[in-house]
Every structure is written in structure tokens, then in C-alpha cells.
Amino acid sequence: MPNQLSPEKIAQLGLSFWGSKTLLSAIELGLFTELAKGPLDTAEIRRRLALHERSARDFLDALVALGMLERDEQQRYRNTPETDLFLDRAKPTYAGGMLEMANARLFTFWGSLTEGLRTGEPQNEAKTGGDLFDAIYSDPDRLECFLEGMTGISLGAVAVIAEKFPWQNYKTVIDIGCAQGALPVKVALTHPHLTGGGYDLPVVQPAFEKYVASHGLTQRLKFYCGSFFTDPLPTADVLVMGHILHDWNLEEKKVLLRKAYDALPANGALIVYEALIDDERRTNAFGLLMSLNMLIETRGGFDYTGADCQSWMAEVGFRETRVEHLCGPDSMVIGIK
Ligand SMILES: C[S@@+](CC[C@H](N)C(=O)[O-])C[C@H]1O[C@@H](n2cnc3c(N)ncnc32)[C@H](O)[C@@H]1O
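The text that follows walks through the structure, step by step, so that each part is easy to find. (Residues numbered from 1 in each chain as written. Predicted model: local features only at pLDDT ≥ 70, side-chain atom pairs only at ≥ 80, totals over all residues. Heavy atoms only, no water.)

## Here's the deal with a nonpolar patch on the surface
Taken together, the side chains of Leu-15, Phe-17, Trp-18 and Phe-107 present a nonpolar region at the surface, about 420 Å² in accessible area. As for its position among the elements, Phe-17 is in helix H2 (residues 16-29). A relative accessible area of 44% places Phe-17 in the partly exposed class. (Patch = residues over 30% accessible without salt bridge, like charges linked within 9 Å, V, L, I, M, F, W, Y side chains within 5 Å. Areas by Shrake-Rupley, 256 points an atom, 1.4 Å probe, with all protein chains shown as cover. Salt bridge = Lys/Arg side-chain N within 4 Å of Asp/Glu carboxyl O. Helix = DSSP H or I, 4+ residues; strand = E, 2+ residues; numbered from the N terminus. Buried < 20%, exposed > 50% of the residue type's maximum accessible area, 1.4 Å probe, protein only.)

## Points about the environment of Leu-99
Following the sequence through the fold, Leu-99 ends up in helix H7 (residues 97-109). Look at Leu-99 and you get partly exposed, because its relative accessible area is 31%. The spacing of Leu-99 and Glu-28 is 71 residues in sequence and 9.0 Å in space, taken between C-alpha atoms. Ignoring anything within four residues of it in the chain, the contact list for Leu-99 reads Leu-24 and Ile-27. (Contact = heavy atoms within 4.5 Å.)

## A look at the pattern of salt bridges
According to the stated counting rule, one finds 19 salt bridges in the structure shown. Between Arg-57 and Asp-61 there is a salt bridge, with its nearest N and O atoms 4.0 Å apart. Here the residue Arg-57 and the residue Asp-61 both occupy positions in helix H5 (residues 53-65), the gap between them amounting to four residues, near one helical turn. In this structure Arg-57 comes out as exposed when scored by relative accessible area, which is 57%. Between Arg-299 and Glu-121 there is a salt bridge, and its shortest N-O distance comes to 3.0 Å. Here Arg-299, found in the loop between helix H14 (285-297) and helix H15 (306-316), pairs with Glu-121, found in the loop between helix H8 (113-119) and helix H9 (132-137); they are 178 residues apart in sequence, far enough to count as distant. Under the relative-accessibility criterion, Glu-121 is labelled partly exposed at 38%.

And the structure:
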């Protein structure tokens, strides 16, 4: 019946950027890091974050209504258990890196989504030529922000890969396009028999080595320097590609899969993980939106289903492939040579 229909869902989705930007600004201002030190009233929050009087109370109460803060009887604000654990910059569990990157870059770039849909062209720093990684990596602050962001977005999936994959059957692992090295670090911490490291562009080396050293793993994890379209890949029993293939067009995806296949020993494994779209392309909205994010960010990149990846792996020679769900929108495809 038409009178039972309501525009509420449409309006909610259409204006969801209000809530999103409110959270992103709270992170940018360091609100959760301040509140992790103890509950504060509006006046003290305003003083510490240099906020104007006009909207401070609405801003804080909006975060309460959105479930990101709590307010007590004395009108003092505190973090929720989740925002305290994941959005306090002083904690090792901080997971706001990706959201800082989203705030600093993607929020503005997504404003030109319509233009991207019409032209098929990226809408980020690369709009004036060049490539995503050149654009990000030419500025040290942006580089750091991006690499931390990647760690933030990957930590959940990486923890499940460390638990779920049969690492006891393998001795070495190299993460191809490793950024800070969240995956090799987590896997090496969980499985003391493993050695290996991460492969990435030369500019990433200091960030990788710093992150690895901060976990006391310098003796076991090494940086392998190179560019994966021009140089051969290093060899290990297990190679990993996390959020790599979606950056590139179909031909480039297959080149990378073929290079991984060539670099692996017989019976070696390739793990590809990202927000794989469900095979029916109906339910994993995050994976589909991630693919639109690849339109914004890259010249030819797109996300894909587990079945797509399995067929590309079979085409380059992997004898056995399987898809396993990790957590949230993330899954992995495992190919055995
Ligand atoms: C989207 S990030 C993924 C990082 C990490 N695997 C993760 O999932 O968190 C892509 C990575 O590929 C690296 N990369 C881009 N182009 C590369 C190239 N030509 N050769 C080697 N690495 C490259 C980037 O430096 C970056 O660390």
C-alpha cells in the first residue's frame, strides 16, 4: 500500500554524511583522545579543543545520539567502550588512521562522484595526471596518514588471517604491497616459527621498519624493495596481497597474479584479501562502495567477487583455490600452486 511507504530510509541514507562528518571531525579534533584521560564537561572540552561556543553542545550531544559518546548526570561526556579502545590515539589499538585519511582526502573527493561516474576518471590528487601512489607519496604527511590508514583498515582481517590460515604448514611469508606491515607483524607475533617480511616501494621502507621494530620483530621481518610491475616478486612459501588487486585494471590484476604464481614454490600459497563483493553482487554494500572508491582513487581499479578472483587464479595456473570469509565485509581467496 503506498500510504505504508515512507521516505525515511531514503532521507536517512541521503543525509548520512552529516553523521559521518561529525564523527570524522571529532577524530580530527582529538576529542576521543582527550576524553580517554577522563570525563569532561562542555566548557572544558571547548577549552581543550578550541571550539566556538555556538555549536559545541550540539556537536557533543549529536555524538551521544550517534552512540559515539556517553553523557552522565553531571553533564560530563565520556567515550563509549568502543571509541575509548579504538579512537584514542594514545592506545596501540587505535584504529582511526583510515578515518583520518577519509577525512583529509576522501570526504572532499567523493564530492565529485557524479563527475567520476560520467567521465570514468579518478577524482583525487591524480585528477591532473600522475598516479595515486605518486600523488600520495610525494608528501611525507600524506604518506604517513595513508600508511597508518591502511593498517587501520586491515587490522581486523589480518587478525583473522593469522588465526585461520594453516600457518603451521609453511615457514616463510612475504606481504606484497605491505604498507606498514600490519599483516606480517600480526602473523609473526602469532606464529613464532615464521620469518619473511614485506615488499613495497622504496619510499615505504622507513615506515615498515619503524612499525616492525616497534613490535620487536626486526630480526624476523625484512623489507623487500621494488615495484611490482617492473621488478620480479620475492619468493616465500606464502605470498599475500591485501587491498592490492582492487587498485588495478583487469589486465594489471592478472599480471600481478601471474607474477605471484611465478614467484611461489610448488605447493606455495597466495592469499588475496579485501572487501570481496558477494558473488551475487547484492549484499556486500561496503565492497561495492569500495569499488566506487576505486573509481575516485585510481585509473582502472575495481573490486570483484571471490568467484572472479578464483577464475583469474585458475587462469594463471593455481591448481586449487578457495574463498573464506574473514570478518565484516572482508574475505580472502587462497590459491595453491
Ligand atoms: C592499498 S595499499 C594496501 C596495503 C596493505 N597490503 C593493506 O592491505 O593494508 C596498497 C599498497 O601497494 C603498494 N604499492 C603501490 N604500487 C606499488 C608498486 N608498483 N610496487 C610495490 N608496491 C606498490 C603501496 O605502497 C601500498 O602500500
